[in-house]
There are 2 protein chains.
Amino acid sequence: MGDAAVERVSPVDRERRAEIADLLEQLAVLAVRQLGRRDISMTAASALGRLAREGPARLTALAADEGVSQPAMTQLVQRLTKQGLMARVADPDDGRAVLVSITDAGRRLLAERRRDRVARLSDLLAALPPEDQTTLAAAVDSAAPALRRLVAAATDLGGRSAPPAG
Amino acid sequence: MGDAAVERVSPVDRERRAEIADLLEQLAVLAVRQLGRRDISMTAASALGRLAREGPARLTALAADEGVSQPAMTQLVQRLTKQGLMARVADPDDGRAVLVSITDAGRRLLAERRRDRVARLSDLLAALPPEDQTTLAAAVDSAAPALRRLVAAATDLGGRSAPPAG
DNA sequence: TATTGTTATACTCTATAACTATA
DNA sequence: TATAGTTATAGAGTATAACAATA
């Protein structure tokens, strides 16, 4: 389905879409393996980032955004709260609900992870021929806004891999 | 360190490196969440891909390439063998060693995953304004070879996150 | 002795099912 | 009844340590 829907209108032909999809997969592996840290999980880092950007959220909303089940998010929040990276308060407007927020320690951890990521990417880039570095810089300059919209659109669509909420 | 080493010679300035690092992280999350499947793990898919591209390999070599411990790879190969996606034969030249290969079913699974990935990316691209699609296509055209060299260089460096071999 | 791989054990992260408490 | 969240339980995936077999 993903195909016929696009075939007639897309300025990006089929072969190029396949090329992009393959590159994205390899870049994802690279990002996780070479730029990632193993101190907290990808879901944990992503949830912390969301709380840092958008403020406190309900546990259910976090679970939906991160594409994991509610029990999984309950446990994630428990772990990160124990580590001092998140904090939980009861929702004053709804006795059933919990509001989760990021702590200062959580923000510091995110900043530290970002520094690591940039440093490791710098090492990878430095190993490339200068022409490649120039090419990549130019491509990023031209494509960054479109890439950000791609990421935003994907996030809005909601994690397709999200399990049913209950 | 990753910084000072590059600062003087890189054609990519510090701010742009940070931008690339951030984009890569978000793209990785997007690729895993929106383009990925949960039938097998990222490590399993990557190991299968390696066997498909480069032929049979020793278990130790696979573990090193995928950045996991030898026991983890033993168990991964056991699981995938039980699922019929990999096969194991004794190395005729070394009584200690095992040669792992991909089966036809494994190749079919990889092909299926790739089709899914392309279809899902097509849906994501279709949700973007046509100008963005054109921009991304042009950027990929110009940057794809450099990106492939980046991935290759990173792979050669060996998973930084690889645990000690034993 | 060194290398290849397995077994034993434990921890993280995830899911589904069953439950409690509030709306 | 429906929603928000927790507890119980189980499986995948990972690590380290200790082991067996071969080089």
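Residues numbered from 1 in each chain as written. Chains lettered and ligands numbered in written order. Predicted model: local features only at pLDDT ≥ 70, side-chain atom pairs only at ≥ 80, totals over all residues. Heavy atoms only, no water.

For chain A, an unreviewed UniProt entry supplies the name MarR family transcriptional regulator and the organism Streptomyces lonegramiae.

> Quick rundown of the sheet that holds strand 3 (residues 98–102) of chain A? Include the residues and the values.
Residue and element names in this part refer to chain A. Pairing is antiparallel across the open sheet formed by three strands, whose spatial order is 1-3-2. On the outer flanks of this sheet lie strand 1 (57–58) and strand 2 (86–90), each paired with one strand and no other. Bridging between strand 1 and strand 3 involves two bridges; their strand directions are antiparallel. The residue bridging Ala-57 from the neighbouring strand is Val-100, located in strand 3. The strands touched by helix 5 (residues 70–82) are strand 2 and strand 3; relative to strand 2, the strand with the most contacts, the crossing angle is about 115 degrees. (Pairing = 2+ DSSP bridges. Helix = DSSP H or I, 4+ residues; strand = E, 2+ residues; numbered from the N terminus. Contact = heavy atoms within 4.5 Å. Axes fitted to C-alpha atoms, helices over the stretch in contact; angles between N-to-C directions.)

> Run through the relation of the copies chain A and chain B, naming residues and quoting values.
Superposing chain A onto chain B requires a rotation of 180 degrees together with a translation of 0.0 Å along the rotation axis, leaving an RMSD of 0.1 Å. Look at the turn and shift together and you get a two-fold axis relating the two. Taking C-alpha positions as reference, the residue of chain A nearest the rotation axis is A:Ala28, located at 2.0 Å. When the interface residues of chain A are mapped onto chain B, 99% of them again fall at the interface, so both copies present the same face. (Least-squares fit on C-alpha atoms with pLDDT ≥ 70 in both.)

> Just give me the short version of the protein's contact with DNA strand C, but keep the residues and values in it.
Near DNA strand C, the surroundings consist of 24 residues, among which A:Arg79, B:Thr60, B:Gln70, B:Thr74 and B:Val98 are the closest. Sugar and phosphate atoms represent 69% of those atoms of DNA strand C found within 4 Å of the protein. One of the side-chain N or O atoms of A:Thr43 is found 2.7 Å from a phosphate oxygen in DNA strand C. Residue B:Arg58 places a side-chain N or O atom 3.4 Å away from a phosphate oxygen belonging to DNA strand C. Elements that contribute at least two residues to the surface near DNA strand C include exactly helix 5 of chain A together with helix 4 (59–66) and helix 5 (70–82) of chain B. Across the surface near DNA strand C, the residue classes tally to eight nonpolar, nine polar and seven charged. (Near = heavy atom within 4 Å. Polar contact = N/O pair within 3.5 Å; in protein donor to acceptor, adjacent residues only side chain to side chain. Nonpolar A, V, L, I, M, F, W, Y, C, P; charged D, E, K, R; others polar.)

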